[in-house]
Amino acid sequence: MIAHNNLKIEEHNAKTKLHFVYKNVSFDYNLIREDRKTISLTVFPTRLLLVKAPFKGSEDRIYDFLRRKFRWVLKQQRYFAQFKIHPEKQYVSGETFRYRGRCHKLLVRKNNHNETILLQHGILKMFTALPKQALHNKALLNVWYREKAHKVFEERLKICFVKFDFVHNEIPGLMIKQMKRRWGSYSHKTNRVILNQELIKASTKYIDYVITHELCHIKHREHNRGFYDFLKSKLPKWKNLKTELELSLIE
Ligand SMILES: [Zn+2]
């Protein structure tokens, strides 16, 4: 299973969470090492920071980089501080909703006969009998997410499963749930992968990461060395994907 407690970074990933101090300024940041030449920095609306650095970039180099950027970081954090971090959605025109890694503007239209949602030219068009009823429209959108999740996750499960060349195992069944603390899990008993519906908001590479993690459990039940070696052989960049996924869905 994969826990997705946003701010808790698991033990094997502990070194990714670091602290920067300079003069009277200090902040925490998440560090991802990857195959790249330069250092990059992103400030998320939660005011979380993500630094991406080359594998061989020294700590001094990252420190110098952050020292040069700290005014900009503070400015960004102040900018985001003026917004509520978790504004309650009202399901009205103009709000944005995530789907497969992108944000889409919602357009609400009244339609008594045919309640439906269409994604057209990047706009999420909701036809609803009750345009002013947030709970009703939340439920409509939820049904839409669920339908999309079924279609997309089935497709990705097939694609990911092929990469395993399991000879004696049938492709697992799929179950989609709304879960607070997990991205997914795998049941040996039923040979079934369970995925968090929320994942439909993330890009394909993150959906594939979670599915691949769960498929590795077919061979290794526990999160032991063998499990992580196997996962790494299937998905060398899984650690980066894990951190990015956690950061990408924070609203
Ligand atoms: Zn697991």
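Just above, that's the structure.
The rules behind each value
- Residues numbered from 1 in each chain as written.
- Predicted model: local features only at pLDDT ≥ 70, side-chain atom pairs only at ≥ 80, totals over all residues.
- Buried ≥ 20, exposed ≤ 12 C-beta atoms within 10 Å, placed from the backbone.
- Helix = DSSP H or I, 4+ residues; strand = E, 2+ residues; numbered from the N terminus.
- Contact = placed C-beta atoms within 7 Å.
- Core = buried A, V, L, I, M, F, W, Y, C linked by C-beta atoms within 7 Å.
- Pairing = 2+ DSSP bridges.
- Axes fitted to C-alpha atoms, helices over the stretch in contact; angles between N-to-C directions.
- Parallel < 35°, antiparallel > 145°, perpendicular 65-115°, else oblique.
- Left-handed = near helix turned anticlockwise from the far one by under 90°.
- Nonpolar A, V, L, I, M, F, W, Y, C, P; charged D, E, K, R; others polar.

Caption draft 1: How the structure looks around helix α5 (residues 238-248). Those residues of α5 not exposed but buried are Lys239, Leu241, Lys242, Glu244, Leu245 and Glu246. Contacts made by the buried residues of α5 are with α3 (204-216).

Caption draft 2: The nonpolar core, seen in detail. In this structure, Leu195, Leu199, Tyr206, Ile207, Val210 and Ile211 are the most contacted members of the largest nonpolar core, which totals 25 residues. Elements with a contribution of two residues or more to this core: α2 (134-162), β11 (182-187), β12 (192-196), α3 and α5. With seven residues, the single largest contributor to this core is α3. Those residues within four positions of tyrosine 206 in sequence are excluded, and the remaining contacts are Leu199, Leu241 and Leu245.

Caption draft 3: A look at the pairing of strand β3 (residues 25-34). Across six bridges, strand β2 (residues 17-22) lies against β3 in antiparallel orientation. Within β3, the residue paired with histidine 19 across the bridge is aspartate 28. Where β2 folds back on β3, the antiparallel hairpin that results is connected by two residues, among which lysine 23 adopts a positive phi of roughly 50 degrees. In this sheet, strand β5 (residues 49-54) lies alongside β3 in parallel orientation, the contact comprising five bridges. Bridge pairing in β5 places leucine 31 opposite valine 51.

Caption draft 4: Structural detail: the sheet that holds β5. Strand order in the open sheet made by the four strands is β2-β3-β5-β4, with mixed pairing throughout. The open sheet has two edge strands, β2 and β4 (40-43), and neither has a second partner. Neighbour-to-neighbour, the strand axes of the sheet open up by a mean angle of 35 degrees, direction not taken into account. Across the sheet, helix α1 (residues 59-81) is in contact with β2, β3, β4 and β5; its angle to β4 comes to roughly 20 degrees.

Caption draft 5: Fine view of the environment of serine 248. By secondary structure assignment, the location of serine 248 is in helix α5. It is 13 Å that separates the C-alpha atoms of serine 248 and tryptophan 183, two residues lying 65 residues apart in sequence.

Caption draft 6: A look at the packing of α3 against helix α4 (residues 225-234). At a minimum axis separation of 10 Å, α3 and α4 run at an interaxial angle of 135 degrees. One finds that α3 runs oblique with respect to α4. The way α3 lies across α4 gives a crossing that is right-handed. Between α3, through Thr212, His213 and Cys216, and α4, the contact on the second element is made entirely by Phe227, Phe230, Leu231 and Lys234. In terms of residue class, the contact of α3 with α4 is made up of four nonpolar, two polar and one charged.

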